[in-house]
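# An overview of the molecular structure
Chain by chain, the residues run as shown.
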Amino acid sequence: MAGEGGTLMKTGQLSATGTPLYSAELIQEGSAYKLVVTDRLRHTVQTAYVSRRVVEQLPTFLSKLNSPQLGGLRQ
């Protein structure tokens, strides 16, 4: 799990600063993968089934979010 500044944190470890707005879990159900996103302010939950290919690409997506070329996304 990545904390602020892109630092890696152990599973279950929470950031010491800031207010969590969303949380996400990726759950394996047999050969299927379910993404569960919780909006912690509105107390709502959304789920979506995602392909194995998407699951395998998650580290790439996360590294792109931290990329200097995408600085506009972090304003």
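The structure this text deals with has already been given above.
Conventions used here
Residues numbered from 1 in each chain as written. Predicted model: local features only at pLDDT ≥ 70, side-chain atom pairs only at ≥ 80, totals over all residues. Heavy atoms only, no water. Salt bridge = Lys/Arg side-chain N within 4 Å of Asp/Glu carboxyl O. Buried < 20%, exposed > 50% of the residue type's maximum accessible area, 1.4 Å probe, protein only. Helix = DSSP H or I, 4+ residues; strand = E, 2+ residues; numbered from the N terminus. Pairing = 2+ DSSP bridges. Contact = heavy atoms within 4.5 Å.

## Concerning the pattern of salt bridges
Note that side chains of opposite charge can pair when their charged atoms are close. All chains considered together, the criterion is met by three salt bridges. Across the salt bridge formed by Arg42 and Asp39, the nearest N and O atoms sit 2.8 Å from each other. For Arg42, a relative accessible area of 59% corresponds to the exposed category. With a shortest N-O distance of 2.8 Å, Glu56 and Arg52 are connected by a salt bridge. With a gap of four residues between them, Glu56 and Arg52 both fall in helix 1 (residues 52-65), about one helical turn apart.

## Regarding unusual backbone geometry
A positive phi angle, close to 55°, is found at His43, a residue other than glycine. Relative to the helices and strands, His43 is located in the loop between strand 2 (32-39) and strand 3 (44-50).

## A look at the pairing of strand 2
Both strand 1 (residues 22-29) and strand 2 contribute to a ladder of eight bridges, which runs antiparallel. Its bridge partner lying in strand 2, Ser23 is registered against Thr38. Linking two consecutive strands that pair antiparallel, namely strand 1 and strand 2, is a turn of two residues; a positive phi of about 65° is found at Gly30 within it. The sheet contact formed by strand 2 and strand 3 spans seven bridges and is antiparallel. Within strand 3, the residue paired with Thr38 across the bridge is Val45. Adjacent in sequence and paired antiparallel, strand 2 and strand 3 are bridged by four residues, among which His43 carries a positive phi angle near 55°.

## A word on the side chain of Asp39
Assignment of secondary structure puts Asp39 in strand 2. Among the residues examined, Asp39 registers a relative accessible area of 8% and is labelled buried. For Asp39, the contacting residues outside a window of four places in its chain are Leu21, Tyr22 and Thr44.

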